[in-house]
Amino acid sequence: MRMTRFKLLTGALAAVVGVAACGDLLTVQDPQRYTDEDLNSALQAVANGVEGAVHEVIDTWVVYQSLLGDTYQHTGTWSGYDETDHGRFQYGTSAMDGTMNSLLRARWFAGSAEERLNTQLEGAASSSPLMAQVHLGDALADLYIGQAYCEAPAAPGGAAVSDTEILQQAVTKFTKAMGTAQAAGTDDYYNAALAGRARAKLLLGDYAGAAADASGVPDGFSYDAKFNNSSSNWVVLVTTATYNKAAGLRAKWWDRVDDDAGGPTFMHDYYYPDEYDERIPVHFENGVATDNITPHYSQWKYTSEPSDIPMVHSDEMRLIEAEYAMRQGDLAGFIGIINTLRGNVGLTAIPEPADAAAAQDILLNERFAELYMEGQRATDLYRFGINKQIFEEINDPETPASGRPVKFPMSDTEALNNPEIENLLTSRCLPVTS
Amino acid sequence: MYRLQVRKTSWAGALGALGLAVALSPLALSAQTGNVTGRVVAATTGQPVNGAQVSIEGTSQGSLTNSNGRYVITRVPTGTVTVQVVSVGYATQTMEVTVASGQTAVADFELQVSAVALDEIVVTGTAGAVERRKIGVSLASVDVSDITEAQPITGFGQILEGRVPGLRSIGTVGGVGTTRELRIRGTDSFSLGQRPIVYIDGVRVDGSGGEWGGGVNGGSTTCCAFSGGAGEDRLSDLNPDEIDRVEVIKGPAAATLYGSEASGGVIQIFTKRGRNNSPASFSLTSTLGINRHRENFPTHERSRRQITGPDGFVAWDPNETLIENGLINSYDLTVDGGGENITYFVSGGFAYEEGSVKPNDQKRGNLRVNLNWTVGDNLTVGVTSGYVRNRIYSLQSGNNWLGIYTNALLSNPRNATEEEPYGGGLDVNVEDSQAIETFSDTDRWTGAVTLNYNMRPNFTHKATVGLDAVNDQKTRILPFGRYYTYIGTNGERNIGYRNTRKFTADYLGNLDYDLDGLFGGSFAFGGQAYWDATSTSMATGKDYAGSGVTTVGGAARTFGGEEFFEEVNVGAFAQNRFDLGDLFVTLAVRVDGNSAFGENYGAQWYPKADMAYNVPVDILPSMFSNVKFRAAYGQAGKAPGAFDQFRTYSPNTVLDDEAGVAPLNPGNADLEPENKTEIEAGFDIGMFNGRIGIEATFYDARTTNALLGIALPPSEGFSSAQLRNVGEILNRGVELSVNASPINTAGFRWNTGVNYEWTKNEILDLGETAQLDSLPVYADGIKTDDANANTPIRWEKHYRLGGLREGYPVGTFVSRRIVGWDSAEQEHVRTTYSSYLGKLFPDHLASWNNDFQLGQSLRMNVQFRGEWGAVMANSDRSYGVRQYAYDEYNKHLDDNLDPTPAADSVLNYMRLVTPADSRDHVRLQEVALTYTLPESLTSRIGLQRSSITLAGYNLYWWDDCNCPDPNQQYQGGASFSTSPFLGLPQPRRFLLSFRTRF
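Since we're looking at a predicted model, the values are computed, not measured.

S.K.: Please explain the overall build of chain A as it appears in this structure.
M.R.: Along its length, chain A carries 16 helices and nine strands. Over its C-alpha atoms, taken along the principal directions, chain A stretches across nearly 110 × 55 × 45 Å.

Quick look at the structure:
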C-alpha cells in the first residue's frame, strides 16, 4: 500500500513534467494579426496596404511642410510644431522623422508586395491592377521623400543618397507604374503616375519634361490621399477650428481674412482684394488658439476627419505648364493658363506681367492659392530660393530668417539603425538659409 | 556515458533517501486524544493577542487565537505535549502540558514584545510552511490584521506603503480607484511590466493597473484613453478587511520556484480563516471621512491678483473652486468561527468614496466566504471564494483634452468668461467637461479549492486549483448637445469589455525527513500550470441625432475592435532543504515551458540555493538575543509578450474604407524569457531580548537576456522593433530595517521602525546594435551672457540604443537645458545638445513607522516616508507657463496684468525647455489615533472590544518640485512612464472609524 501511494505520487510528478514538455499545450495563436502565409490569399489588401500607407501620412506631411514654409504657424502646445515653425529643429530633433519612417516603410512594403504578386500571380502579375497600385505607391513614396527631405536611403537598408537621386528614382518608378497601369487598363493609376512624374521632373529642374508630362493629365483629374473614419485626416484633427487648433494660418495672411467673418469664409484675392478666392477656404470667429493667446485663423479646406487631401491633380499640372511657359519667356502663354485657372473659380483675370520677376510673384501667389494646404508652398520657397526673403518680410524675432532649415533632415531612426549610414552628424545634410 | 551514470546514481540516491525517510517516518497518530485551550495576552499590557498561531509541536495540529486571545486545539494526543505560540511582534513561547484522554488541558501565555520574528511561519517561495529562521532569503510579511485593527485602511495599495523595504508602493494619481505605482527592487526590464505577480490564497490573479482600450484593433476610432491614462487598479478590488497577511518576496533569490513570471517579485495575499471550536465572532467596522486635496495648485495668482477676462469676469482659481470634499463611507461586517471539523470566515463590505475633484467616485461591494473542512485526520479541504463588484466613476484627467483638471489648470485667466470661468483656449467649458460620464464596472470572482493530504505526518501533499475571473465593462458618454474638442456637439459613446481569466493548478509535495546521525531536512516537489487569457472588445458610436439615445447602435457612425491574448505556462520544481543543526541549506531547481517562448526555444531552467545560519545563542554576547546570517542565489524569469515571437502584419482600413494590411512585427522565433540572477546576503539580529531587531540585506540582481526592441531601419519595413534577448541590467541595493521597542511598560509602549532602501539601477549592455554615442556635460552655475555657456566642458561616451544608454539607469531624463541669458537677443541660451539631467526613479527610499500605546485605551500610529534621487521632467510647469496659466508667469505681470520683461523671460524659458525638477521629498503619510472604549461601557450593550479611530493620510509633504505633488505621475502604475502631465495629485484623506466585535 505504501509503495502504491509512492508510485502514484511519482507518477503525478512525472505527469506534471511531461505536461510541461507537451508542445501542443504551449501553442497559442494570435487571432488579430496576419502571417506571411495569410497574405498570399489577401493580395488586394496587400496592394491597398501599400497605397494606403502613403496616403495615411500625407496629412502629417502637409502640416509640417506648412509649418516649415510660411503657410502655418504654431498656435498650440506641441514642441514638434513649435520647433518646426521657429526653425529650431536640428538633425535628430525633427518632428518629421515619423513621416519619413512611414514613407520608407511603405516603400519596403511595395517591394515586398511586388515580390508576393509575382509569386502568386506569376505571368499575370505584370498586367495586374494590383501591381499598378503597388508600383504607384512605391513611386509616390519616393516623390514625397525627395520633395521634403534632403537625403534618404534609396533602397531598403541602403546608403543615403541626395534628394535629387531619390527624385530621379521616383521618375523611374513612375515610368514603371505608368507601364503597368497601361497594361492593366487602370487610367486613374496611369494619370496619377504621369502627374507624379511631372512633379518629380519639375523638382529636378526638368521643366520641359515636367510640362510635357503635365500636359498629358486631363482637366478635372485629381488623385487624392484618401482618408476614412479609421485613418483620420490629422490636419483636421489638430489644426482646425473645430478640433485642436494646434496650428493656424501664419499672421502674414490674416489681413486677407475678414475680421468679422464669424466662421467659414474665403481669403480675399491677392490682386483683387474685393473678391473672395474660393480656393482658400478659412475659418475665423475671433477666438484664440490652444496656446490661449494667438487668434486662430483656421484652414477650412478639410473640415472633417475623412476629408481627402489632393496629392496630384490637373490644376497643379496646368501650373507646371504655366511655369514652363514663364521660364521660356512666354509670359502671354503663362498668364493665359493662370487666368484660365482663376476664371474657373470666378476671379478676375490678371494682366500680363511686365517681366519675369512679376511673373514669378504671380506664379507663387497662384500656386499658394491653387495648392493651398497641399504642402507645396515650402517646396516653392525652397526651389525659388526665397525662404530668407519671405521670413525677413515676416520679421518675427522668434522666427529668424537666417539659419532657417529649408528642407527636413533624414529620419534619425533610419540613420541610427541602418548600418549603411554612418552615425556622424557632420556627414548629414540639413540645408538652411544663409 | 560517464555523465549519464552519475546522473542515474544521483537520482537513485535521492529516491533512496526519499524511501528511507518514508520508512523512518512516525507511525499514525494514536486514537487517544484530549484538548488544549487557553488565552494569549501581551505581557506588559494584558491586551489579548489576536491571530496568534498556537500549535502542538511535532504535529500538524494548531489553531489561531480569536480577538479575545482565546484558542482551542482538539484531538491532541494524550501525554505530555509542547504547546507553541508564535505571533508577529512577540517572542515565541512554548509550554509543556499534560493531556489526558477526553480532558481539556489549559495553557495560558503572556507574550513578551519582540522586534524579531525568526519563528514566524512563512510559505511564499519556500515550497511549504517553514520557520523564518530556516530560510536564507529576505522575505517580508505584513500583518494586515494588526494594521487594520489600528487604522481604517480602505485600499490594498495603502497596506504596503512604506512598510516593506525594497517595495515601492505609492499613490501617484489622485482619482479614486486609479492605479498606483508598485515595484520591487528597481527596474529590471526594458519593456516588460514591472509589477510583481500577485497571488491570493495560492491563485495567481489579475494585478494589472492601467488604462486599456486605446490599443484595441480599430485604433483611435474605437475609443480612447477612457479617463486620461491612469485607468483602474485591479488591486483596488480587494477589501483590506478580508486580508489576514501579505507576504512579499522581492526577487529571483526567493522567487525561483515561481519561475517565468516572478523575476519582479511575488506578492501573496492570505485572506482570513475561521478558527476551530470557536463560537461565531462578529466584527463590524464603519468608516466615514473625506478626500480633500491640498490647495497647492500653481494658480493662486488668479484670485490673489483678481485676474479678469475681457469682460471683467474674475477668473476662478482651481484651489478655491475645483477642490471639494469627497465623501468616504464604508462598512464591513465579518463573522468567523468554527466547530470540530469545519471553520468559516464570511465577510461582506461596502465602500463608497468620492474624489476631491468631481465627478469621480467608487462604489465597491465585497463578499467572501472561506471554509475549511477537516475531512479526517489526514485530509482537509479548503474553499475560498471572493466576489467583488467595483464601480468606478473615473475622473477625466492626465493626458486628456477633455479633463476638468486640465481645463481648470491650463486655461489663461485673462480669457476667463462666465462660460469658461477658468479661461479659454481649451475649447471645452467646465460644465461640458463635467458632463462626461466614464464608468468602469467590474465583476470579479476569485476562488480556489485546496486539498491538504497528510499521507504521513512528515509527508504531505497540497493541491490547489483556482480561478480569477475579471469582467470589466467600461463606458464613456460625451452627451449630445455639448461641445467637445475633436468630437463636436453630436455626442459620442464608447464601450469596452475586458474579460480576464487566470487559471491556476498547483501541486506541492513535502517530505520532512530525519536521517538519524546524518541530518534532517525537507524535500519538496511539485508543479504548476497557469493559463491566462484576456479578451478585449470595444465599440464606439459617433454622431447622434439628438439626446435620448445613448446606445452605440443609435449613432450614425459605429466602430468596433477586438483583441485577444493567451499565455500558458507549465512548470515543475524540486527542492531540498538540509537541516544541519543551526545551519539550513536549501537547493532547488525549476523548469518552465511557456507559450510565449520562441518556437525555436525549449524549456527554461531556474536553479536556486540558499543558506541560513543561526548563531548559537550560547556563544553570542549577552546583548544579542539572536543572530542569523543568510545568503542566497537564485534565478527567475519574465516571459515575453504573448505573441511577440510571431512575424505579423496588422489589418487596417485604408483608402475608401477598404481592407488593407501593414507590416507590424518582424517576430523572433528564438525569443527566450528574460533571465534574472540574484545574489542576496544579509543578517537578522535581535538585541536586548528582542527589543531591537535589525534586518539588513544586500542584493545584486542582473537581468540577462533582457528583451530589447531592436529598431529596424524604417526602410526595411516593419514598424515594431524586433525583440531580441540581448540586454543586461543591474539592480544592486541595500535594504535595512530596524525595529525597536524602546519603551514597553504597562502604561506606555512605543514600537518604532525605520525602513531604508538604496537601489542602483544601471544598464550594463545594450547588445551589438548599440552605437557609440556621447552626452555633453555643461558647467553648472555659469554666469549669464557667458560666451562659453553653450560649450560643453566635456563629453561622456557610452553606447546607446534609442533612449537607453549603457552606464545609465533605465529611466533617464536627457534634454536640452538653459545655460545662460543672451541680453542682445533678450532670450535664454539653450544648449545645442541634450545632456543628462537625472534619473526618473528614486534610488533612496525610507520610511519611519511609529506605534504608540498609552495605557489600555489609546494607540497612535505615525508614518513618515521619503524618496530621494529622482528628477521629474516637469512638463506641467512648462506647459502651464506657455499657456499663461500658472503663477510662475502670472506673478510677473504688471499692475495692468500686462507682461513684464520678467514674465517674458519665464515664458521664453519654458518655451525652450522642459525643466528638470527634483522629486526629493519627505511626506507625513499616516497619523492614526485609536481609542479603545472601556469594556465596562461596551459590554452593557453587548459589544466586545470596540474602538474609535481618527486618521489622516497623505497629510503633508515637503518638496522642491515646483509641482503639486512630487509623486505625481499621470499614468499611475505604468512601468516606465513617469511623466506628471496633468495627472491629478493624490488627495489628503481624513477618516473617522468605529470598529467593534460582538
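S.K.: What is the right way to read the overall build of chain B from this model?
M.R.: Counting its secondary structure elements, chain B contains 12 helices and 52 strands. Counting only C-alpha atoms, chain B reaches 95 × 80 × 65 Å along its principal axes. A burial count over chain B gives 55% of its 998 residues as buried.

S.K.: Honestly, the sheet that holds strand β2 (residues 53–56) of chain B in this entry has me stumped. Any pointers?
M.R.: Through backbone hydrogen bonds, the strands of a sheet pair up, either in parallel or in antiparallel fashion. Residue and element names in this part refer to chain B. Read across the sheet, four strands follow the order β3-β2-β5-β6 without closing on themselves; strand pairing throughout is antiparallel. Of all the strands in the sheet, just β3 (62–64) and β6 (93–99) have a single pairing partner and so form its edges. Each strand of the sheet is rotated relative to its neighbour by a mean of 20°, with strand direction disregarded. Bridge analysis of strand β5 (residues 79–86) against β6 gives seven bridges, and the strand direction is antiparallel.

S.K.: I keep staring at the pairing of strand β11 (residues 139–143) of chain B and nothing clicks. Help me out?
M.R.: Each regular strand displays side chains that alternate between the two surfaces of the sheet. Residues and elements named next belong to chain B. By the criterion of burial, β11 is predominantly enclosed, with four of the five residues buried. Relative to strand β18 (residues 243–249), β11 runs antiparallel, the two being bridged by five bridges. For A140, the partnering residue across the bridge sits in β18 and is V248.

S.K.: Just to check I follow, could you spell out the interface of chain A and chain B for this structure?
M.R.: The interface is formed by 65 residues belonging to chain A together with 71 residues belonging to chain B. For the side of chain A that touches chain B, the secondary structure elements donating two or more residues are α1 (2–20), α2 (36–39), α3 (43–68), α5 (97–121) and α16 (412–417) of chain A. When residues in the side of chain A that touches chain B are grouped by element, the largest group, 10 residues, is from α1(A).

S.K.: Is there a simple way to think about the sheet that holds strand β7 (residues 276–284) of chain A in this case?
M.R.: Residues and elements named next belong to chain A. With respect to topology, three strands assemble into an open sheet ordered β6-β7-β8, the strand pairing being antiparallel. Here the strands that pair on one side only, and so sit at the sheet edges, are β6 (263–268) and β8 (298–299). Bridge count for β6 against β7 is six bridges, and the pairing is antiparallel. In the strand pairing of β7, F266 is matched with P281.

S.K.: I would appreciate a short explanation of helix α11 (residues 314–327) of chain A in the present structure.
M.R.: The periodicity of an α-helix, 3.6 residues per turn, causes residues three or four positions apart to be oriented the same way. Residue and element names in this part refer to chain A. Counted at 1.5 Å a residue, the expected span for α11 with its 14 residues is 20 Å, and the 20 Å between its end C-alpha atoms agrees. Most of α11 is tucked away: 12 of the 14 residues are buried. The inward-facing, buried residues of α11 abut α8 (187–203), α9 (207–215), β9 (309–313), α12 (331–344) and α13 (356–370). Looking one or two residues past α11, G329 carries a phi angle of roughly 85°, positive in sign.

S.K.: Would you explain the confidence of the model for chain B in this entry?
M.R.: As a note on interpretation, predicted positions should not be read in detail where pLDDT is low. Residue and element names in this part refer to chain B. Predicted confidence across chain B gives a mean pLDDT of 89, with 95% of residues reaching 70 or more. Between the elements of chain B, mean pLDDT differs from a low of 37, seen in helix α1 (residues 2–24), to a high of 97, seen in helix α10 (residues 887–890). Scored as a complex, the prediction yields pTM 0.87 and ipTM 0.91.

S.K.: How should the packing of helix α6 (residues 129–148) of chain A against helix α7 (residues 163–184) of chain A be read in this particular structure?
M.R.: Think of two packed helices as two axes; the pair is described by the angle between the axes and how far apart they sit. Residues and elements named next belong to chain A. Across the interface, α6 lies against α7 with an axial gap of 8 Å and an inter-helix angle of 160°. One element, α6, and the other, α7, form an angle in the roughly antiparallel class. Crossing hand, α6 versus α7: left-handed. From α6, P129, M131, A132, H135, L136, D138, A139, D142, L143, I145 and G146 reach across to α7, where they touch D163, I166, L167, Q169, A170, K173, F174, K176, A177, T180, A181 and A184. Looking at side-chain class alone, the contact of α6 with α7 contains 14 nonpolar, four polar and five charged residues.

S.K.: Explanation requested: the nonpolar core in the structure shown.
M.R.: If you look at soluble globular proteins, the nonpolar side chains tend to sit buried side by side. Residues and elements named next belong to chain A. V50, L103, I145, A177, A193, A198 and I320 are the most contacted members of the largest nonpolar core, which has 124 residues in total. With 14 residues, the top contributor of residues to this core is α3. Setting aside residues up to four positions removed in sequence, A177 forms contacts with A132, H135, L136, A139, Y189 and A193.

S.K.: So what exactly am I meant to see when it comes to unusual backbone geometry here?
M.R.: In terms of backbone geometry, most residues other than glycine have negative phi values and most peptide bonds are trans. Residue and element names in this part refer to chain B. In this model, K358 is joined to P359 through a cis peptide bond whose omega is 5°. In this structure, P359 sits in the loop between β22 (342–354) and β23 (361–374). You will see that D543, though not glycine, has its phi angle at about 75°, which is positive. One can find D543 in the loop between β28 (519–542) and β29 (557–580).

S.K.: In this structure, what is going on with the packing of α3(A) against α5(A)? I would like to understand it.
M.R.: All names here are of chain A. At a minimum axis distance of 9 Å, the contact between α3 and α5 shows a crossing angle of 165°. Between α3 and α5, the interaxial angle falls into the category roughly antiparallel. α3 and α5 meet at a crossing whose hand is left-handed. Residues L43, V46, A47, G49, V50, A53, V54, E56, V57, T60, W61 and Y64 of α3 form the contact with α5, whose own contacting residues are T99, S102, L103, R105, A106, F109, A110, A113, R116, L117 and Q120. Split into classes, the residues belonging to the contact of α3 with α5 amount to 15 nonpolar, five polar and three charged.

S.K.: Explanation requested: the environment of D188(A) in the structure shown.
M.R.: All names here are of chain A. Following the sequence through the fold, D188 ends up in helix α8. D188 sits in the partly exposed class, given 15 other C-beta atoms within 10 Å. Along the chain, D188 and Q133 lie 55 residues apart, while their C-alpha atoms are 9.9 Å from each other.

S.K.: Would you mind going over the environment of R805(B) with me for this structure?
M.R.: Residue and element names in this part refer to chain B. Tracing the sequence through the fold places R805 in strand β41 (residues 804–805). Taking the C-beta count within 10 Å as the criterion, R805 has 22 such neighbours and is therefore assigned buried. Sequence-distant contacts of R805, defined by excluding residues within four places in its chain, comprise I763, H798, R800 and T812.

S.K.: Just checking my understanding: could you explain α5(A) for this structure?
M.R.: Residue and element names in this part refer to chain A. When the terminal C-alpha atoms of α5 are compared, their 35 Å separation across 25 residues agrees well with the 36 Å that a helix rising 1.5 Å per residue should span. Among the 25 residues of α5, 18 are classified as buried, and the element is accordingly described as predominantly covered. Just downstream of α5 lies E122, where phi reads positive at about 50°.

Thresholds, definitions, all that
The numbering scheme is per chain: residues are counted from 1 as the chain's sequence reads. Each chain is given a letter, starting from A, and each ligand a number, starting from 1, according to the order in which they appear as written. Where totals are concerned, whole chains, interfaces and linings use all residues; where local detail is concerned, this predicted model gives features only for residues with pLDDT of at least 70, and gives and counts side-chain atom pairs only at 80 or more. Secondary structure elements follow DSSP: runs of H or I of four or more residues count as helices, runs of E of two or more count as strands, with numbering from the N terminus. Residues with at least 20 other C-beta atoms within 10 Å of their own are called buried, those with 12 or fewer are called exposed, and the rest are partly exposed. The C-beta atoms themselves are positioned from the backbone. Any two strands with at least two DSSP-identified bridges between them are counted as paired. In this analysis an axis means a line fitted to C-alpha atoms, helices contributing only their contacting stretch, and an angle means the value between N-to-C directions, from 0 to 180 degrees. Contact definition: two residues whose C-beta atoms, as placed from backbone geometry, lie within 7 Å. A helix's residues, less one, multiplied by 1.5 Å, set its expected span. Per residue, pLDDT measures the predictor's confidence, with a range of 0 to 100. Orientation categories follow fixed angle ranges, with anything under 35 degrees roughly parallel, anything over 145 roughly antiparallel, 65 to 115 roughly perpendicular, and all other angles oblique. Two helices cross in a left-handed way if the nearer one is turned anticlockwise from the farther one by less than a right angle. They cross in a right-handed way if the turn is clockwise. Just so you know the grouping, Ala, Val, Leu, Ile, Met, Phe, Trp, Tyr, Cys and Pro go in nonpolar, Asp, Glu, Lys and Arg go in charged, and all remaining residues, Gly too, go in polar. Remark: nonpolar core denotes a set of buried Ala, Val, Leu, Ile, Met, Phe, Trp, Tyr and Cys residues whose joining runs through C-beta atoms within 7 Å.

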